[in-house]
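Working through the structure, step by step
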Amino acid sequence: MSNPWRDDFPILKQRVNDERLAYLDNAATSQKPQAVIDTVTHFYEHDNANVHRGVHTLAERSTSRYEEARRKVQQFIHAQRSDEIIFTKGCTDSLNLVTSTYGNQVIHAGDEIVITIMEHHSNLIPWQQLAKQKGAKLKYIDIDENGQLKMDQAARLITDRTKIVAVTHISNVLGTVNPIQQLAAIAHQHHAVIVVDGAQAVAHLPVNVQELGADFYAFSGHKMLSPTGIGVLYGRHNLLAKMTPYQYGGEMIAEVHQQESTWAEPPFRFEAGTQNIAGAIGLGAAIDYLNQVGMDKIQHHEQEMVKDLLPRIVKMPGVTVYGPHDADKHTGVIAFNIDGIHPHDVATALDMDGVAVRAGHHCAQPLMERLGVPATVRASLAFYNDQQDIDQLLAAIQDTKEFFKHGTR
Amino acid sequence: MGLDKLRNLYQAVILDHANHPRNKHKLTNPTTTMTVHNPTCGDTINLQVQVKNNRLADIAFTGSGCSISQASASMMTEAVKGKSTQEAQQMAKTFSDMAIGKYHYQKDLKKLGDAQVLINIMQFPARIKCATISWWALERALAKEDQTGEQRSK
């Protein structure tokens, strides 16, 4: 599993704690290829101006690059129209946008919102608080012993009372890919909409929002090679057209009078104030880079790494791996614990061997409670990882086990 | 190997406290109970103190967390047991100053007993909270004790 892409990421060339850096915290944020860094630098050195409101040359340049980025996103996720792409500051912002506009408009007392037990807090708390405010009911689809959604239960929970189904495309803990098409079909049968959290998916497999049947699809740029502070909300045009604004201010208006105002058409209705222009252009560059590598190739390479890593880590004595143990059903997000060693101690120990992982509850406390653990370690892959990263991780886990075993005597 | 550096943090005395924590149980008649959480990692410390005549007659903890937080709680209870509440508060301040690298007197540091080995935590900024959580619980327990103690004496 040689890797032609690793060299495109300057940050990976450094040593950490005198060791080769094995960056395996990609589910938290991805690293940035030189092409993205250069594009953002070039923008600030040559094209920077505010968008949509200037007539001078720089304003035209930055506007056209900003809107070009929107079209790149549209094509990347196969949306029907570019005005279905709203730039936000990240996935959390996108999900809060849906909750406080569409959610606020359609949810009434007695209605039901169905989510899953594996949701990240960002696709959980907004719905929980909305349900509380409105006197609506929040229901959870559970997981089976393999960490996969109980689809028979989903079919029972989603009823005519359900107005919104909100579900993650890929779990940020279990590494499972949820059957979005199937869930969308059930939701649509009951005239509910489906909101998909794509944060862990967009950089790892080809996404086609139309084929998925997603009414809303949210994701962050920073988990897909872009700068932080840029995200996307895709929404079906007929839904966006009926939605009230998210925030008020410049750019989002049609007409403003002393006592009343009217709103711009989507997507501008939802982009109040000066947006993260450089971030959007950086996201455009990231999409170019991902397309150049090829999303199919990325998915294949990551799957090959999972096929190597998962059985080896599952086999290690004293190591518990969460989520499916079948490599075909598991993406590159691998959560685990070592018997008798707290995940934070494991993460510190791995760091001393140059291996960057995450430890904690991964912003999924209800899932941790469901799994019966306070926290886990999580190693998460990206296409720029390679065989050496995997071997380094497994060797560091072995080191950690030995250190704490001998240290206790 | 990188794990050699781990010994700076996980010294034998720390691992000993982590694996055989002292005073880890419930008190039968505490005067104050305090629970604190570390929301970033889910660690919890339930601290119980029994104050008699402004002295920490007894102290114990329960809860779960990483080896640093468990060892620190164990060493803290050993260090402050039998001390006056005022001394204990001063020790908590010394500990938090030490953990964030602020100036502290050597003689104050000595009073912390085993707990002073956690001075190396400074080199691991992400883990400072693990070491300070039990001392923070102590500070809050003593503050609460001050209030309820005053009420009791009224």
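Residues numbered from 1 in each chain as written. Chains lettered and ligands numbered in written order. Predicted model: local features only at pLDDT ≥ 70, side-chain atom pairs only at ≥ 80, totals over all residues. Heavy atoms only, no water.

1. Description of the overall build of chain B
A count of helical and extended segments in chain B gives 6 helices and 3 strands. Beginning at the N terminus, the succession of helices and strands in chain B can be written as α-α-β-β-β-α-α-α-α. On C-alpha atoms alone, chain B measures out to a radius of gyration of 15 Å, which is about the 15 Å that the 2.2 N^0.38 rule sets for 154 residues. Principal axes of the C-alpha set define a box for chain B whose edges measure 60 × 30 × 25 Å. In chain B, which comprises 154 residues, the proportion classed as buried is 49%. Here chain B has roughly 7,400 Å² of accessible surface; of this, 51% comes from carbon and sulfur atoms. (Helix = DSSP H or I, 4+ residues; strand = E, 2+ residues; numbered from the N terminus. Rg over C-alpha atoms; globule rule 2.2 N^0.38 Å. Buried < 20%, exposed > 50% of the residue type's maximum accessible area, 1.4 Å probe, protein only. Areas by Shrake-Rupley, 256 points an atom, 1.4 Å probe, with all protein chains shown as cover.)

2. Describing the packing of aromatic side chains
For any two aromatic rings, the description comes down to two numbers: the centre-to-centre distance and the angle of the planes. Under the definition given, this model contains 15 aromatic pairs over all chains. Ring geometry for A:Trp5 and A:Phe383: centres 5.8 Å apart, planes at 70°, overall edge-to-face. Here A:Trp5 is found in the segment before strand 1 (15–16), whereas its partner A:Phe383 is found in the loop between strand 17 (376–380) and helix 13 (387–407), with 378 residues between them in sequence. Exposure class is identical for A:Trp5 and A:Phe383. Each is buried. A centroid spacing of 5.9 Å and a plane angle of 85° characterise the contact between A:Phe9 and A:Tyr289, whose relative ring orientation is edge-to-face. Separated by 280 residues along the polypeptide, A:Phe9 in the segment before strand 1 and A:Tyr289 in helix 9 (residues 277–293) bring together distant segments of the chain. Taking the relative accessible area as the measure of exposure, A:Phe9 reaches 0% and is therefore buried. A relative accessible area of 7% places A:Tyr289 in the buried class. The structure contains a cluster of three or more aromatic residues connected by ring pairs, namely A:Trp5, A:Phe9, A:Tyr289, A:Phe383 and A:Tyr384. Against the face of B:Tyr105 rests B:Lys107, its NZ or CZ located 5.3 Å from the ring centre. For B:Arg140, the ring lying beneath its charged end belongs to B:Trp136, and the centroid distance is 5.1 Å. (Phe/Tyr/Trp six-rings, centres within 6.5 Å; stacked < 30°, edge-to-face > 60°. Lys NZ or Arg CZ within 6 Å of the ring centre and 35° of its normal.)

3. A few points about helix 4 (residues 85–99) of chain B
Residue and element names in this part refer to chain B. Counted at 1.5 Å a residue, the expected span for helix 4 with its 15 residues is 21 Å, and the 21 Å between its end C-alpha atoms agrees. Looking only at helix 4, the buried set comprises Thr85, Ala88, Met91, Ala92, Thr94, Phe95, Asp97, Met98 and Ala99. Among the residues trailing helix 4, Gly101 stands out with phi positive, at a value near 80°. (Expected span 1.5 Å × (residues − 1).)

4. Observations concerning the UniProt feature "domain: NIF system FeS cluster assembly NifU N-terminal" (unreviewed entry) in chain B
The feature "domain: NIF system FeS cluster assembly NifU N-terminal" (unreviewed entry), as given by UniProt, occupies residues 10–130 of chain B in the numbering adopted here. Structurally, residues 10–130 of chain B is divided into 38% helix and 22% strand, and its ends, taken at the C-alpha atoms, are 13 Å apart. (UniProt positions renumbered as here; feature names shortened; annotations may be inferred.)

5. Quick notes on the sheet that holds strand 6 (residues 137–141) of chain A
Sheet strands pair via backbone hydrogen bonds, and the direction of the pair is either parallel or antiparallel. All names here are of chain A. With respect to topology, 7 strands assemble into an open sheet ordered 4-10-9-8-7-5-6, the strand pairing being mixed. Edge positions in the open sheet fall to strand 4 (85–88) and strand 6, since each of these has one partner strand only. Averaged over neighbouring strand pairs, the angle between their axes works out to 20° when direction is ignored. Here 3 bridges tie strand 5 (residues 112–116) to strand 7 (residues 162–168), and the two strands are oriented parallel to one another. (Pairing = 2+ DSSP bridges. Axes fitted to C-alpha atoms, helices over the stretch in contact; angles between N-to-C directions.)

6. A look at the pattern of salt bridges
Residue and element names in this part refer to chain A. Across all of its chains, the model carries 29 salt bridges over all chains by this definition. For Asp308, the salt bridge is made with Arg312, and the minimal N-O distance between the two is 3.0 Å. Separated by 4 residues within a single helix, Asp308 and Arg312 lie in helix 10 (residues 295–315), roughly one turn from each other. Residue classification places Arg312 among the partly exposed positions, given a relative accessible area of 34%. (Salt bridge = Lys/Arg side-chain N within 4 Å of Asp/Glu carboxyl O.)

7. Quick word on the interface of chain A and chain B
Contacts between chain A and chain B engage 20 residues on the former and 21 residues on the latter. Between chain A and chain B the total buried area reaches about 1,700 Å² when both faces are included, carbon and sulfur atoms providing 62% of it. The interface formed by chain A and chain B includes 2 salt bridges. B:Arg127 is the salt-bridge partner of A:Asp345, the closest N and O atoms lying 2.8 Å from each other. Where chain A meets chain B, there are 7 residue pairs in polar contact (both at pLDDT 80 or more). Of the residues in the side of chain A that touches chain B, the class split is 6 nonpolar, 9 polar and 5 charged. (Contact = heavy atoms within 4.5 Å. Buried area = accessible area lost by both parts, 1.4 Å probe. Polar contact = N/O pair within 3.5 Å; in protein donor to acceptor, adjacent residues only side chain to side chain. Nonpolar A, V, L, I, M, F, W, Y, C, P; charged D, E, K, R; others polar.)

8. A closer look at the state of the cysteines
All names here are of chain A. Scanning all chains against the criterion turns up 0 disulfides over all chains. Free of any disulfide, Cys363 has its nearest cysteine sulfur in Cys91, 12 Å distant. Classification of Cys363 by relative accessible area gives partly exposed; the value is 26%. (Disulfide = S-S within 2.5 Å.)

9. Quick word on a nonpolar patch on the surface
All names here are of chain A. Where nonpolar side chains cluster on the molecular surface, the patch consists of Tyr248, Ile253, Val256 and Trp263 and spans about 400 Å² of accessible area. Along the chain, the position of Tyr248 falls in the loop between helix 8 (237–240) and strand 11 (253–256). Judged by its relative accessible area of 59%, Tyr248 falls in the exposed class. (Patch = residues over 30% accessible without salt bridge, like charges linked within 9 Å, V, L, I, M, F, W, Y side chains within 5 Å.)

10. Brief notes about the pairing of strand 1 (residues 32–38) of chain B
Residues and elements named next belong to chain B. Side chains Thr32, Met34, Val36 and Asn38 project from strand 1 onto a buried face, and the interleaved Thr33, Thr35 and His37 project onto a face without burial. Both strand 1 and strand 2 (residues 43–52) contribute to a ladder of 7 bridges, which runs antiparallel. Its bridge partner being in strand 2, Thr33 is matched across the sheet by Gln48. Where strand 1 folds back on strand 2, the antiparallel hairpin that results is connected by 4 residues, among which Gly42 adopts a positive phi of roughly 85°.

11. Quick word on the sheet that holds strand 16 (residues 358–360) of chain A
Residues and elements named next belong to chain A. Reading across from one edge, 13-14-17-16 is the order of the 4 strands in this open sheet, with antiparallel pairing throughout. Two strands lie at the open edges of the sheet, namely strand 13 (319–321) and strand 16, each paired on one side alone. In this sheet, neighbouring strand axes are inclined to one another by 30° on average, regardless of whether the strands run parallel or antiparallel. Note: strand 16 against strand 17, 3 bridges, orientation antiparallel. Note that in strand 17 the partner of Arg358 across the bridge is Arg378. Contacts from helix 10 reach strand 13 and strand 14 (333–338) within the one sheet, and its direction differs from that of strand 13 by about 135°.

12. With respect to helix 11 (residues 343–352) of chain A
Residue and element names in this part refer to chain A. Most of helix 11 is tucked away: 9 of the 10 residues are buried. Of all the positions in helix 11, only Pro343, His344, Asp345, Val346, Ala347, Thr348, Ala349, Leu350 and Met352 are classed as buried. Just downstream of helix 11 lies Gly354, where phi reads positive at about 80°.

13. With respect to the domain arrangement of chain A
Residues and elements named next belong to chain A. Partitioning chain A into structural domains gives domain 1 (6–31 + 294–407) and domain 2 (36–291). The straight-line distance from the C-alpha centre of domain 1 to that of domain 2 is 28 Å. In this assembly, domain 1 packs against domain 2 so that about 2,800 Å² is buried in total across both faces, 58% of it on carbon and sulfur atoms. Taken together, domain 1 and domain 2 are joined by 1 salt bridge. We note a salt bridge from Arg370 to Asp142, for which the minimum N-O separation is 2.7 Å. Those elements that place two or more of their residues in the side of domain 1 that touches domain 2 are helix 10, strand 14 and helix 12 (365–371). (Domains from an automatic or database assignment.)

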